[in-house]
Structure formats: C-alpha cells, structure tokens
Amino acid sequence: MEILIVGTGYVGLVSGACFAEMGYKVTCLDLNHEKIEQLKLGQIPIYERELEEIVKRNVAAKRLVFTTNYKESVERATICILAVDTPVGKDGAADLKSITAAATSIAEHLNGYKVIINKSTAPIGTVHYIQKTIREHLEKRQVKFSFDVVANPEFLKEGSAVADFMRPDRVIIGCESEKASEIMRELYKPFMLSFERLYFMDIASAELTKYAANAMLAMRISFMNWLGELCEKTGADITEVRKGIGSDKRIGFAFLWAGAGFGGSCFPKDLKALQAIGKSHDLSTAMIDSVIAVNERQKQLLFEKIETYFQSYGGVEGKTIAILGLSFKPDTDDIREAPALVLIEKLLKAKVNVRLFDPVAMPHVKKLLPSSKQVSFCEDALAAAVGSDGLVLVTEWKEFRLLDFENVLKQMKGKAFFDGRNQYPPEEMAKRGFDYVSIGRAPALAALENEFPWVEFKKEVPIDA
C-alpha cells in the first residue's frame, strides 16, 4: 500500500512522516519547488518536536520521498490524502481553491481504483464536492475508473502533533463504501494495536466533527476568559474558580486556563468557518459569535493592563516593554493569530519600545516587523529584560517557568511583571520585588499602596468595629 499526501504543511508533513515511520511507502507532494528541495535536504520548514529526526530517518530508509510530480505519484498510490490549506475567505467560509486544484490534478492522472482521503478542514459537503470534481474530469478524459472519497479529519495539536498522530485519541472516518472502509481499517491498523479507536460514521458527521471539536474547546477557553474578567470585578480568583469547577468530573480541567486569548491556525479559522456554515443554513450563530468576540477582547487585555499600570508613571509612551513568547502557544514556531502580535502592534502604536524573545518563533516575527528603533530581538529572557520598564509573559514556554527572577529584576529599569498565562503565584512574585499583574486575579504589588491609586486595596476591618 503506497500513500500520496498532497500538501506539506503541519498536517501533511506530520502525517507523511508518521505513516512512513510505521513502514508505509509515502510520497509527499507540494507545488512549492523551493520547499520540496529543502525537505529533500532534510530542512524542516516548521518546528515540531520529534518531526525532524523522523523525517530524516525515513528519507534515509527510502520510505519517505518528496516531489512536485503529480503523474508518477498518483499512478503509484493506493491512497491519496489531501492535506492542503483551507484559509478563511472574505465571507468567513473556508476557501476550497487548493482542494479543487488537488482533486483536479489527481483526476488528471487517475489510472485505477484509489481511495482519496480528505484531511483538510473543510465544510460539510466537501467530500461530495471532491467526488463531483473528480467525476467531471474523468468524463473530460473520457475514461472510467472507480474511486472512493473519505472524510478523515485530523486532530493534531501543534507542539505535540507527532505524538497525537502516533497515539491518537480517536480516528474519525466518514465513509460510504465497504471497500474503502476496509482499506481505511488496514491503513490505521498499525496505530490500533493496543485498542481500537476507529470511529466510522456518515460523511457529513465526520466533516462536522472537526469543527465541533475545535469550537467546543474554544468555547471553554473564552468562557474562562470571560470569567476571569468577572473575577477581577468581584474580587474572586480565577485559579481558585478553575479548581472548583475542574474537579467536577463532568467538566474536567482541560482547556480551563484563563489567559491572553487563543490563536493559531485552527481555532480562529474553524470558528469563522462554522459561523459561516450556520449562517448559510439560517441558524443563529450567537454562541459562536460570542466565543470569537470574547477572544478578540482578550487579546486587547494585556495592553490595557500595561497602559493602566503606567498611568502612575507618566504614561506608557516612551517606556520599554520586554515580551517573552511570540508563538501562539509553546512548542511551536507558529505565529498565526498569536496574541503577542496584537500586543506588539498596540505597543508600537503607543510609541513604546519592545524587546522580544521567543525560543523558536523569532525568525517568523522578524519577517513581519519592519526594521525599527522601537524593536529589539534578544538572545534570551534575561537579555530581553535589560532596561525594560515592564516584562510581559505571553507564551508559556517551559523555560520561562523557572526564570532567574533576581537577575531579571536587576536587569530591569522598572519592576512591573504582566503574566498573560497565570504562571506564577502573585504573592510570591510580589515578595520577589515585582508589581505582578495577571489574568482574573488581583494584582500583587511590591510597592506601597498609595503609589497605585488605580488599585482598590482590600482593608482589614477591625473585629470590634
């Protein structure tokens, strides 16, 4: 069984490498010639744990090859997997241009029965659209070949995509053909040795499952972020609230962290696509609208906290802010929809100087930010702190958990620490000498209360009052 994967992004490259690791002969195809040449040389265009060594190992074993040639790849393959980009269009719906192009190219070179698997996140009806596209092109060629199209959405988390693929929670398959079902069972058999995690269902349900899963997780995050603001207004502590609700086994603790908002290539895009699907069927999308609105609001919150804090120090203009973490989440170099980018943009507009550090994502940010006296890229967290009036943790990389706070504070000009991921105990940070501001919790300040008129301090009432 030979596999062709069209697209060498996160999904395509991880899928191809992992199938090859299980012993399959895999061809990864992309029309970007430069990218393919880099991959042939072992240069991985994305940062993903374990991926580079798996790719190099399987290229060396000749189980994994890279190409731009559709003809040879399609003719050899038993299975063709579509893993192409489906960006959000102007109307919020998924743009299917890349899927159309891939399906057309496969149809042009189809030479016998194939299973075409759609792993690209796409709206309900995409599998049938692919079927129609292929049939039309076979008719133009005046040939008849049988084929099946299957929905097989991916559930890979950036930063742990290899582990997720090799040890999946579940594999969702939307299929109409018994022949295709058997091939899909065979394809995933090496991944199911410990226990069965294949879920076969109708095509529409499989297509919707991907959007539903991401929307559910995004809702949990936005709900916690909304609760975080409520906590700050009422004097509650979001970390305590999380313990209280997460200990309910019906809810659990996953995706219950308040923070600076979510980003990445999946949640924002899939929410907008689901919103468009709902509207196209005349359904109210109020719930999805709220999730999106809360997240957009949350991305503004760190700047507002910074601006408010520095009101007591002559305003934010001209200050220097160090930012730790630029990727949308740890263990990835992906900066798409990253909260750090929103913060940087607002700080630069406010004439604030920024000092930036991220373990892997800085090359991507350098391409986005024009050369400027306001922007400095630093070699580590300590270097970023040099001369800064405030420090902001935006992405919770593990290396930031045990910062050398004593030296960080010595390097800083000020003492403000804004924690966008609630990584540290407020009282402990205050004892270290920081004015510590986080999400959904009261500030913990190292200075005297009269220096901060914007903070409402809780005063103890005498027992005999």
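This one's a predicted model, so the numbers in the text were calculated from it and none came from an experiment.

With that out of the way, let us pick up the overall build of the protein. For the protein, the count of helices and strands is 17 helices and 14 strands. Taking 2.2 N^0.38 as the reference for a compact globule, 465 residues should give roughly 23 Å; the C-alpha atoms of the protein span a radius of gyration of 25 Å, in line with that estimate. Seen through its C-alpha atoms, the protein measures out along the principal axes to roughly 90 × 45 × 45 Å. Looking at the 465 residues of the protein, the share that counts as buried comes to 53%.

Among the secondary structure elements, R197 is positioned in the loop between helix 8 (178–188) and strand 8 (198–201). D169 provides the closest opposite charge to the buried, salt-bridge-free R197, at an N-O distance of 6.7 Å. Within the structure, R197 has its side chain in polar contact with the backbone oxygen of P168 (distance 3.0 Å). For R197, the side chain forms a polar contact with the main-chain oxygen of F191, separated by 2.6 Å. Each residue touching R197, except ones within four places of it in the same chain, is listed here: R167, P168, D169, R170, V171, F191 and M192.

Tallying each qualifying case throughout the model produces 21 aromatic pairs. Aromatic side chains F19 and Y188 sit 5.8 Å apart centroid to centroid with 55 degrees between the ring planes, which places their arrangement in the tilted category. With a gap of 169 residues between them, F19 in helix 1 (residues 10–21) and Y188 in helix 8 connect regions that are remote in the sequence. For the residue pair F19 and Y188, the accessibility class agrees, reading buried in each case. Seen in terms of ring centroids, Y309 and F418 are 5.6 Å apart; in terms of plane orientation they differ by 90 degrees. Their pairing is edge-to-face. On the criterion of sequence distance, the pair formed by Y309 in helix 12 (residues 286–309) and F418 in strand 13 (residues 416–419) is long-range, its members being 109 residues apart. With a relative accessible area of 2%, Y309 lands in the buried category.

A separate point is helix 6 (residues 126–141). For helix 6, with 16 residues, the first-to-last C-alpha span of 23 Å sits near the 22 Å given by 1.5 Å per residue. Listed as buried for helix 6 are T126, V127, I130, Q131, T133, I134, H137 and L138. For helix 6, the angular spread of the buried residues around the axis is 165 degrees, confining them to a single face. Every exposed residue of helix 6 that faces more than 90 degrees away from the buried side is listed here: E139 and K140.

This brings us to the pairing of strand 4 (residues 79–82). Alternating residues of strand 4 divide into I79 and I81 and C80 and L82, and every residue in both groups is buried. The sheet contact formed by strand 1 (residues 2–6) and strand 4 spans four bridges and is parallel. The residue of strand 4 that forms the bridge with L4 is C80. Looking at chain direction, strand 4 and strand 5 (residues 114–118) are connected through four bridges and run parallel. Bridging from a neighbouring strand, I81 pairs with I117 of strand 5.

What follows concerns the pattern of salt bridges. One pass over the structure, following the stated rule, counts 24 salt bridges. Residue K40 pairs with E37 through a salt bridge whose shortest N-O separation is 3.6 Å. Remark: E37 and K40 occur in helix 2 (residues 33–40); sequence separation between them is three residues, near one turn of the helix. Residue classification places K40 among the partly exposed positions, given a relative accessible area of 44%. A residue is classified by how much of its surface remains accessible, and E37, at 45% relative accessible area, is partly exposed. The partner of E52 in a salt bridge is K56, and the shortest N-O contact between them spans 2.8 Å. Of the two residues, E52 and K56 are both situated in helix 3 (residues 51–60); the distance of four residues between them amounts to about one turn of the helix. When its relative accessible area of 38% is taken as the criterion, E52 is described as partly exposed.

Confidence along the protein averages 93 in pLDDT terms, with 96% of residues attaining 70 or more. Across residues 448–465, where pLDDT falls below 50, the model places 21 contacts with residues more than four positions away in sequence or in other chains.

What follows covers the side chain of N118. In this structure, N118 sits in strand 5. Taking the relative accessible area as the measure of exposure, N118 reaches 5% and is therefore buried. Among the polar contacts listed, one links the side chain of N118 to the backbone nitrogen of S120, at a separation of 3.2 Å. Other than its neighbours up to four places away in sequence, N118 contacts L82, I99, T126, I130, V150, A151, N152 and P153.

So, on to the packing of helix 5 (residues 97–109) against helix 6. Two elements in contact, helix 5 and helix 6, have axes separated by 9 Å at closest approach and are oriented at 40 degrees. It follows that helix 5 is oblique to helix 6 by the angle criterion. Here the hand of the crossing between helix 5 and helix 6 comes out right-handed. Residue-level inspection shows I99, T100, A103, T104, A107, E108 and H109 of helix 5 in contact with helix 6, the latter providing T126, Y129, I130, T133, I134, H137, L138 and R141.

Each value, and the rule that gives it
Residues numbered from 1 in each chain as written. Predicted model: local features only at pLDDT ≥ 70, side-chain atom pairs only at ≥ 80, totals over all residues. Heavy atoms only, no water. Helix = DSSP H or I, 4+ residues; strand = E, 2+ residues; numbered from the N terminus. Rg over C-alpha atoms; globule rule 2.2 N^0.38 Å. Buried < 20%, exposed > 50% of the residue type's maximum accessible area, 1.4 Å probe, protein only. Lys, Arg positive; Asp, Glu negative; His and termini not counted. Salt bridge = Lys/Arg side-chain N within 4 Å of Asp/Glu carboxyl O. Polar contact = N/O pair within 3.5 Å; in protein donor to acceptor, adjacent residues only side chain to side chain. Contact = heavy atoms within 4.5 Å. Phe/Tyr/Trp six-rings, centres within 6.5 Å; stacked < 30°, edge-to-face > 60°. Expected span 1.5 Å × (residues − 1). Arc of directions from axis to C-beta. Pairing = 2+ DSSP bridges. pLDDT = per-residue confidence, 0-100. Axes fitted to C-alpha atoms, helices over the stretch in contact; angles between N-to-C directions. Parallel < 35°, antiparallel > 145°, perpendicular 65-115°, else oblique. Left-handed = near helix turned anticlockwise from the far one by under 90°.

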